[in-house]
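Here are the chains, one letter per residue:
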Amino acid sequence: MKSYIKEFLEVEKPKDYYGSLVAEIEEKNREQHFITTLNSNIASEDKGRLPFTVKANICVKGFETTAGSKMLKGYLPPFDATVVERMRSSGNFSFLGETNMDEFGFGTFGLNTEIPARNAFNSNYVAGGSSAGAAVATAMLKYHIAIAESTGGSISTPAALNGVVGFTPTYGTVSRYGLIDYANSLDKIGVIARSAADARIGFDAIKGRDAYDTTCSIEKIGNSGKKKLFIIKELMDKAEKPVSSSFEKLLDRLGERYEIEEIESGIIEKAIAPYYIIAMAEASTNLAKYNGYKYGMQYGETNKRYNNFFTEARGDFGSEAKRRIILGTFIRSESVRDRYYAKATQVRSMVIKEMQKILKEGFIISPALPIFTPKIEDAVKLTPTQNYAMDVFTVPPNFGGFPHITFPYDYYDGMPLGAQLVTEHANDYALFDFVSGWEESFDYRFKYNLGEL
Ligand code: GLN
């Protein structure tokens, strides 16, 4: 099994390895914008450890943590998130920096922030989101691991678009203490790495109970390998060429080893609307605290009229955040909440039940995205609902808290394509084994196009 982490920890590092790494990142960052906060002290702190980054919505003591938002500019957390504390105390990892993202996690392409990250393979293309910088950093830096976060696809999407492995664990296996919330019932901290073995090492370092997060309660993680792969017809119908045709080729190769069955399911493809209803409702609640008094940027005089002060402070949110605050607040309002929020939770239960039934028998496999990587200039023209529709494959497993992994499987026009594999709750280890098997048995060319910084 290929592990860049083990390779790194075993070899002698050249003198001033970390110093030149920081200098090279600074240089690359001028074009790619993947790092938002760089720990330029890593050289003095390091004891031969592997550099790790965290998505900018994960608190690191004393380092600017903005969650991609102007609202949190200059915020220096007074504590480390549990995942950061665990990475550091494992003795194998040193903090390198924070990675660029869509504001508060709102987005699919990484464009909803002041200076978006750019795809590692070609900077005219989107990096994917919302953990854009985490995936770009993983594709550019040979020895590094990224701690990222997904609410509805934010690990799978950028990992797929940058040709790296993106792992989202079962909801409740990794502590969210110190995460700047998007939607609490959906947020999961996970890992982006260069191989499945490395994603597993990262997961093992951060998982486990935490007294600071009572939702993090799953301790036992299994590995029941299945021999069956399910394709959901209604989802596959959404995939455009060349995605569907190269995915067919992947299935041909996997067919040598797995039984593949196409099934129909009317409910899974319907997950997007109720996902966005619930995600926006929760997001609008979470963002209410940023009003310029206790949380969020404060502007000068506070003795203005109440409404003026708030309006000015909250004017700092980007347009997607504003859209979600308005829609989320509407969804929660008394007159409509039964019609939208209550119904969405019912559909959520139906999706979970249906997926549980399927996942008992085998994995669900699909492309990570229905379209080929868009150019930035084209992606900015998409309407909000067109954007949301891009999450058709990634939302169902996230909605149900099912563990899933994205891995690169092909190229098209010089850009990588990623597939997504989903398994049952608390069966996360089966995903690493599946992808390691793929990495070993097929000519795994993708990594040769990755950076070697
Ligand atoms: N694109 C989805 C959204 O905007 C998912 C993003 C995420 O996982 N943070 O909600």
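The preceding data block contains the structure.
Procedures and definitions
Residues numbered from 1 in each chain as written. Predicted model: local features only at pLDDT ≥ 70, side-chain atom pairs only at ≥ 80, totals over all residues. Heavy atoms only, no water. 1 Å grid on protein atoms, 1.4 Å probe; cavity = no way out; pocket = protein on both sides within 12 Å on 5 of 7 lines; lining within 4 Å. Points joined across faces, edges and corners; volume = space filled by probe spheres on them. Nonpolar A, V, L, I, M, F, W, Y, C, P; charged D, E, K, R; others polar. Core = buried A, V, L, I, M, F, W, Y, C linked by side-chain atoms within 4.5 Å. Buried < 20%, exposed > 50% of the residue type's maximum accessible area, 1.4 Å probe, protein only. Helix = DSSP H or I, 4+ residues; strand = E, 2+ residues; numbered from the N terminus. Axes fitted to C-alpha atoms, helices over the stretch in contact; angles between N-to-C directions. Parallel < 35°, antiparallel > 145°, perpendicular 65-115°, else oblique. Left-handed = near helix turned anticlockwise from the far one by under 90°. Contact = heavy atoms within 4.5 Å. Near = heavy atom within 4 Å. Polar contact = N/O pair within 3.5 Å; in protein donor to acceptor, adjacent residues only side chain to side chain. Areas by Shrake-Rupley, 256 points an atom, 1.4 Å probe, with all protein chains shown as cover. Sits in = over half its atoms within 2 Å of the grid points. Lys, Arg positive; Asp, Glu negative; His and termini not counted. Salt bridge = Lys/Arg side-chain N within 4 Å of Asp/Glu carboxyl O. Pairing = 2+ DSSP bridges. Disulfide = S-S within 2.5 Å. Phe/Tyr/Trp six-rings, centres within 6.5 Å; stacked < 30°, edge-to-face > 60°.

The next subject is empty space enclosed by the protein. Applying the stated criterion across every chain yields a total of 5 cavities of 30 Å³ or more. Considering only enclosed or pocket space, the largest cavity measures out at about 90 Å³ in volume. The residue inventory of the lining of the largest cavity, partitioned by class, reads 3 nonpolar, 9 polar and 2 charged. In this structure, the second largest cavity occupies an estimated 80 Å³ of space.

A word on the nonpolar core. Counting 123 residues, the largest nonpolar core has I147, I365 and F434 as the members making the most contacts within it. Among the elements that make up this core, the one with the highest residue count is helix α10 (residues 272–287) (10 residues). Within the second largest apolar cluster, 11 residues are counted, among which are L111, L369, I371 and M390.

A separate point is the packing of α10 against helix α13 (residues 338–361). Two numbers describe how α10 lies on α13: the axes approach to 9 Å, and their chain directions differ by 125°. Accordingly, the angle class assigned to the pair α10 and α13 is oblique. Where α10 crosses over α13, the two elements pack in a sense that is left-handed. When α10 is examined against α13, the residues P274, I277, I278 and A281 are found in contact with a partner set consisting of Y340, Y341, A344, T345, V347 and R348. Here the contact of α10 with α13 is composed, by residue class, of 8 nonpolar, 1 polar and 1 charged.

Okay, the site of the ligand next. Neighbouring the ligand are 15 residues, the closest being T151, G152, S154, Y182 and Y275. One nitrogen or oxygen atom from the main chain of G107 is found 3.1 Å from an oxygen atom belonging to the ligand. In isolation the ligand exposes 290 Å². Once the protein is present, 99% of that is buried. Here the ligand occupies the largest cavity. Of the residues that constitute the shell around the ligand, the class distribution is 4 nonpolar, 9 polar and 2 charged.

Relative to the assigned elements, D210 resides in the loop between α7 (196–206) and β7 (228–232). In this structure, D210 is buried with no salt-bridge partner, the nearest side chain bearing the opposite charge being R86 at 4.5 Å. Those residues in contact with D210 that sit more than four places away from it in its chain are T82, R86, S175, Y177 and C216.

What follows deals with the pattern of salt bridges. Opposite charge on two side chains permits them to pair, given that their charged atoms come into close proximity. Per the stated rule, a full pass over the model turns up 21 salt bridges. Here K357 makes a salt bridge to E354, at a shortest N to O gap of 3.6 Å. Of this pair, K357 and E354 are both found in helix α13, 3 residues apart, which corresponds to roughly one turn of the helix. According to the relative accessible area criterion, K357 is exposed, its value standing at 56%. The exposure class assigned to E354 is buried, which follows from its relative accessible area of 18%. Residue D378 pairs with K381 through a salt bridge whose shortest N-O separation is 3.8 Å. D378 gets classed as partly exposed once you look at its relative accessible area, which sits at 39%. Residue K381 is classed as exposed on the basis of its relative accessible area of 63%. Members of the salt-bridge network, linked through shared partners, are R176, D181 and D213.

Our next topic: the packing of α7 against helix α17 (residues 429–441). Angle between the axes and distance between the axes are the two parameters that describe a pair of packed helices. Where α7 meets α17, the axes come as close as 8 Å, and the angle between the chain directions of the two elements is 155°. Classified by the angle their axes make, α7 and α17 are roughly antiparallel. Two secondary-structure elements touch here, α7 through A196, A197, A199, R200, F203 and D204 and α17 through Y429, F432, V435, S436 and E439.

Next up on the list: the pairing of β7. Counting buried residues along β7, 4 of its 5 residues qualify, which places the element largely inside the surrounding structure. Sheet topology places β7 next to strand β9 (residues 363–367); 2 bridges connect them, and they run parallel. Within the sheet, the bridge partner assigned to L229 lies in β9 and is F363.

Further remarks concern the state of the cysteines. This structure, assessed with the given rule, holds 0 disulfides. C216 provides the cysteine sulfur closest to C59, a residue in no disulfide bond, and the two sulfurs are 17 Å apart. Owing to a relative accessible area of 4%, C59 belongs among the buried residues under this scheme.

Right, let's talk about the packing of aromatic side chains for a bit. If you walk through the whole model with that rule in mind, you get 34 aromatic pairs. Centroid distance F104 to F317: 6.1 Å. Interplanar angle 55°. Geometry classified as tilted. Of the two residues, F104 is situated in the loop between β3 (93–99) and α5 (132–140) and F317 in the loop between α11 (306–314) and α12 (319–332); the sequence distance between them amounts to 213 residues. The exposure classification of F104 matches that of F317, with both residues buried. Seen from their ring centres, F330 and Y340 are 6.0 Å apart, and the 50° between their planes marks the pair as tilted. With F330 in helix α12 and Y340 in helix α13, this pair connects stretches of sequence that are 10 residues apart.

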